[in-house]
Amino acid sequence: AGPGLKVISTLSVGFDHLALDEIKKRGIRVGYTPDVLTDATAELSVALLLSACRRLPEAAEQVRSGGWTTWKPLWMCGHGLSDSTVGIIGLGRIGQAVARRLKPFGVRKFLYTGSAPKPESAAEFGAEFVPLTRLAEESDFVVVTCALTPATQGMCNKDFFGRMKKTSVFVNTSRGAVVNQQDLYEALAHGHIAAAGLDVTTPEPLPTDHPLLSLQNCVILPHIGSATYATRSTMAVLAARNLLAGLRGEPMPHELSL
């Protein structure tokens with residue numbers, strides 16, 4: 001765009017796709033769309049968790065393929081949320097919204113980790129701030145909703161999955177690079193964890209021959225966390241308002257602090 005580029009407006013809450021150092025150096029203003037996609041992404045996180053833990057895509061395929069025959073006591077059994085421990089990596093807006101939706105399922109305990117404790121936010125769920133290692137060891141369900149930063153990149157790796165229970169379910173609706181996908185594949189393929197649900201991958205789109213797509217215990221969606229008609233419409237309007245305000249030299253409704 002050259003020196004004429006003064007304002008960038010992204011239709012997202014994430015900004016890891018922007019060259020922030022270069023943007024800051026050039027003095028370019030950036031608008032983004034937080035808050036408005038919180039509920040939609042939280043809903044999708046819960047849907048993905050339930051799909052993975054109750055094996056919904058696998059069960060639906062059994063109906064289509066003729067695998068559904070006579071009733072069998074342990075056929076298509078999964079893992080339920082009642083009396084479980086849920087660990088949330090990143091108790092921000094989306095993490096809190098996920099916990100708020102999961103609580104009525106009868107979750108016994110919430111754990112969370114992040115850059116610092118958030119006692120006021122955690123109080124609503126009685127959530128306990130713990131190190132990442134303890135969260136991995138004690139959680140029946142792990143939900144990743146943190147931002148992608150140098151500190152979180154590759155955070156969910158071989159050591160992390162090795163600490164999880166064999167009956168645990170892992171869900172990521174943040175950014176694909178938070179997860180070492182090869183390590184996740186190994187954990188799923190060798191039964192170190194029970195299942196995973198991903199709305200984000202590296203790269204996007206994920207190649208159709210990627211090893212993760214060969215696993216029945218891995219549910220992968222095409223990054224549709226905010227994909228409701230109402231949410232995307234609201235995001236588009238906010239992105240336009242950010243852009244117009246930036247061009248006029250006015251305060252943006254949501255400007256990224258660089």
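Computed from a predicted structure; not experimentally measured. (Residues numbered from 1 in each chain as written. Predicted model: local features only at pLDDT ≥ 70, side-chain atom pairs only at ≥ 80, totals over all residues. Heavy atoms only, no water.)

**Looking at the pairing of strand S4 (residues 109-113)**
What counts, and what does not: For every residue, the accessible area obtained with a 1.4 Å probe (protein chains only) is divided by the maximum for its type, and the residue is called buried under 20%, exposed over 50%, and partly exposed between those limits. The secondary structure listing takes helices from DSSP runs of H or I that are at least 4 residues long and strands from runs of E that are at least 2 residues long, numbered from the N terminus. Each pair of strands is called paired provided DSSP finds at least two bridges between the two strands. Orient the strands so they point away from the viewer; a crossover is then right-handed if the path from the first strand over the helix to the second runs clockwise.
Of all five residues that make up S4, four are buried, and the element is covered over most of its length. Judged from the five bridges that link them, strand S3 (residues 85-89) and S4 form a sheet pairing that is parallel. Paired with Val86 across the two strands is Phe110, which belongs to S4. At this point the chain moves from S3, through helix H4 (residues 93-102), to the parallel S4, and the crossover so formed is right-handed. Pairing between S4 and strand S5 (residues 128-129): two bridges, direction parallel. Across the sheet, residue Leu111 finds its bridge partner in S5, namely Glu128.

**Considerations on the state of the cysteines**
Working definition: the covalent bond between the sulfur atoms of two cysteines is a disulfide. So the rule is basically this: Two cysteine sulfur atoms form a disulfide, by the criterion used here, when they sit within 2.5 Å.
In total, this model carries zero disulfides according to the counting rule given. Cys146 takes part in no disulfide bond, and the closest cysteine sulfur, belonging to Cys156, lies 7.0 Å away. Of the cysteine sulfurs around Cys218, a residue in no disulfide, the closest is that of Cys156, at 13 Å.

**With respect to the domain arrangement of the chain**
Let me state the cut-off plainly: Note that domain bounds follow an automatic or database assignment of domains. Buried area adds together the accessible area that both of two parts lose upon being put together, with accessible area traced by a 1.4 Å probe. The salt bridge criterion pairs a side-chain nitrogen of Lys or Arg with a carboxyl oxygen of Asp or Glu, the two atoms within 4 Å. Polar contact is defined as a pair of N or O atoms within 3.5 Å, subject to the rule that within protein one atom must be able to donate a hydrogen and the other to accept it, and that residues adjacent in sequence are counted only when both atoms are side-chain atoms. Ten residues, namely Ala, Val, Leu, Ile, Met, Phe, Trp, Tyr, Cys and Pro, are considered nonpolar, four, namely Asp, Glu, Lys and Arg, are considered charged, and the remaining ones, Gly among them, are considered polar.
Parsing the chain into structural domains produces domain 1 (7-32 + 229-256) and domain 2 (37-61 + 79-220). Of note, the centres of domain 1 and domain 2, computed from C-alpha atoms alone, are 28 Å apart. A buried area of about 490 Å², summed over both sides, lies between domain 1 and domain 2, and 65% of it is on carbon and sulfur atoms. If you sort the residues of domain 1 by the area they bury against domain 2, Val13, Asp16 and Thr231 come out on top, with a joint share of 75%. Taken together, domain 1 and domain 2 are joined by one salt bridge. As a salt-bridge pair, Asp16 and Arg175 come within 2.8 Å of each other at their nearest N and O atoms. Summed over the shared surface of domain 1 and domain 2, the result is one residue pair in polar contact (both at pLDDT 80 or more). Looking at the side of domain 1 that touches domain 2, its residues break down into two nonpolar, two polar and one charged.

**Some remarks on unusual backbone geometry**
Here the amide bond leading from Thr202 into Pro203 is cis, since omega sits at -5 degrees, within 30 degrees of zero. Locating Pro203 in the fold gives a position in the loop between strand S8 (195-198) and strand S9 (218-220). With omega at 0 degrees, the peptide bond leading from Glu204 into Pro205 counts as cis. Inspection of the secondary structure assignment puts Pro205 in the loop between S8 and S9. A positive phi angle, close to 70 degrees, is found at Asp35, a residue other than glycine. By secondary structure assignment, the location of Asp35 is in the loop between strand S2 (29-31) and helix H2 (38-53).

**Looking at the sheet that holds strand S7 (residues 169-172)**
Pairing between sheet strands relies on hydrogen bonds along the backbone, with the strands arranged either parallel or antiparallel. The line we're drawing: We call two residues contacting when some pair of their heavy atoms lies within 4.5 Å. Interaxial angles span 0 to 180 degrees and are taken between N-to-C directions of axes, which are lines fitted to C-alpha atoms, for helices over the stretch in contact.
In space, the seven strands of this open sheet follow the order S5-S4-S3-S6-S7-S8-S9, with parallel pairing throughout. Either end of the sheet is taken by a strand with one partner, and the two such strands are S5 and S9. By the bridge criterion, four bridges tie S3 to strand S6 (residues 141-144) in an arrangement that is parallel. Considered in S6, the bridge of Ile88 is made with Val143. Most of the contacts of helix H8 (residues 181-189) go to S8, to which it runs at about 145 degrees, and overall it touches S7, S8 and S9.

**Looking at the environment of His17**
Along the chain, His17 falls in the loop between strand S1 (7-9) and helix H1 (20-26). Between the alpha carbons of His17 and Pro131 there is a distance of 28 Å; along the sequence they are 114 residues apart. Once residues lying within four places of it in the same chain are set aside, the contact partners of His17 are Thr10 and Ser12. Among the polar contacts listed, one links the side chain of His17 to the side chain of Thr10, at a separation of 3.0 Å.

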